[in-house]
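These are the residues of each chain, in order.
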Amino acid sequence: MSSSDIFIGETIGTAILILLGGGVCAAVTLKASKARNAGWLAIAFGWGFAVMTAVYISGPLSGAHLNPAVTVALAIKDGDWSNVPTYFAGQLLGAMIGAALVWVTYYGQFYAHLTDKEIVGGPGAQATAAKAVEAEEQGAGPVLGIFSTGPEIRNVVQNLATEIIGTVVLILAVLTQGLNDKGNGLGILGGLITALVVVSIGLSLGGPTGYAINPARDLGPRIVHALLPLPNKGGSDWSYAWIPVVGPLIGGAIAAGIYNVAFA
């Protein structure tokens, strides 16, 4: 694969991943959405299908890493770091594009949600605004969860450990079951397996932090949240932002080490 193929494939694939994954979060969260309050099950399966779609679209070009933790794990496994910066660049750019497309798709719903007094508070607001106010005090705006992750209980050690554990599960599944014949990315069957693993992680391990398990998936949309002209959007919770970046990278490295010792 050429550098241009890798960059284009990762940009397109990660954009699709975030468009569909962030899209299901928007559908469930925003007050004027037909899917409002569809619940965690919808989010978990929505992200799983997002992974599957993105892998099948981008796989022929880049091997569909779509996740810096996958890229790091494969570099450790193979000892080849030459294309890592290209993968990282495409993944971050694609994640930002995907997040911007979620905003475009739900533009009217974002505006209606963020100007609703029950959501953002203000004169005439109801008690239902209490949770949003509490989140705002912690640095997270009322729609930040559509773009990036955040913990239910803020405990640095637990939050970091949760992201590491979830990513180890993901990367071990990718390395043992998901790779294509060349071993440099996800294959056709591997895309389906990985999608189902992501659903499983979401249902089983996603409750504490929202399961980023992908640095680009969290950082790119968080940057977009900070830049978008959303009314009453609140903060982007930058004090937490390092955890869904560092945790998955550590998890990817640990999983690659386990693979090299136990499976290679």
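See above for the structure.
A quick note: this is a predicted structure, and the numbers were derived from the prediction, not measured.

A.B. asks: I'd like to hear about a nonpolar patch on the surface, residue by residue, with values.
C.D. replies: The grouping of Phe7, Ile8, Ile12, Ile57, Leu61, Leu93, Ile97 and Leu101 at the surface amounts to a nonpolar patch, some 590 Å² of accessible area in total. Those elements that provide at least two residues to the nonpolar patch are helix H1 (3–29), helix H2 (40–62) and helix H4 (84–105). Here Phe7 shows up in helix H1.

A.B. asks: I'd like a rundown of unusual backbone geometry, residues and numbers included.
C.D. replies: You will see that Tyr211, though not glycine, has its phi angle at about 45°, which is positive. By the element assignment, Tyr211 lies in the loop between helix H10 (188–205) and helix H11 (215–227). Taking the relative accessible area as the measure of exposure, Tyr211 reaches 7% and is therefore buried. Within the chain, Asn232 stands out as a residue other than glycine whose phi angle is a positive 55°. With respect to the helices and strands, Asn232 occurs in the loop between H11 and helix H12 (243–262). The exposure class of Asn232 is partly exposed, given its relative accessible area of 48%.

A.B. asks: An account of the packing of helix H3 (residues 68–78) against helix H9 (residues 156–178) is requested, with residue identities and associated values reported.
C.D. replies: The N-to-C vectors of H3 and H9 enclose an angle of 55°; their axes lie 10 Å apart at closest approach. Overall, the two elements H3 and H9 adopt an arrangement that is oblique. At the point where H3 passes H9, the crossing takes the right-handed sense. Between H3, through Ala69, Val70, Ala73, Leu74 and Lys77, and H9, the contact on the second element is made entirely by Thr167, Ile171, Val174 and Leu175. Grouping the constituent residues of the contact of H3 with H9 by class yields 7 nonpolar, 1 polar and 1 charged.

What counts, and at which threshold
- Residues numbered from 1 in each chain as written.
- Predicted model: local features only at pLDDT ≥ 70, side-chain atom pairs only at ≥ 80, totals over all residues.
- Heavy atoms only, no water.
- Patch = residues over 30% accessible without salt bridge, like charges linked within 9 Å, V, L, I, M, F, W, Y side chains within 5 Å.
- Areas by Shrake-Rupley, 256 points an atom, 1.4 Å probe, with all protein chains shown as cover.
- Salt bridge = Lys/Arg side-chain N within 4 Å of Asp/Glu carboxyl O.
- Helix = DSSP H or I, 4+ residues; strand = E, 2+ residues; numbered from the N terminus.
- Buried < 20%, exposed > 50% of the residue type's maximum accessible area, 1.4 Å probe, protein only.
- Axes fitted to C-alpha atoms, helices over the stretch in contact; angles between N-to-C directions.
- Parallel < 35°, antiparallel > 145°, perpendicular 65-115°, else oblique.
- Left-handed = near helix turned anticlockwise from the far one by under 90°.
- Contact = heavy atoms within 4.5 Å.
- Nonpolar A, V, L, I, M, F, W, Y, C, P; charged D, E, K, R; others polar.

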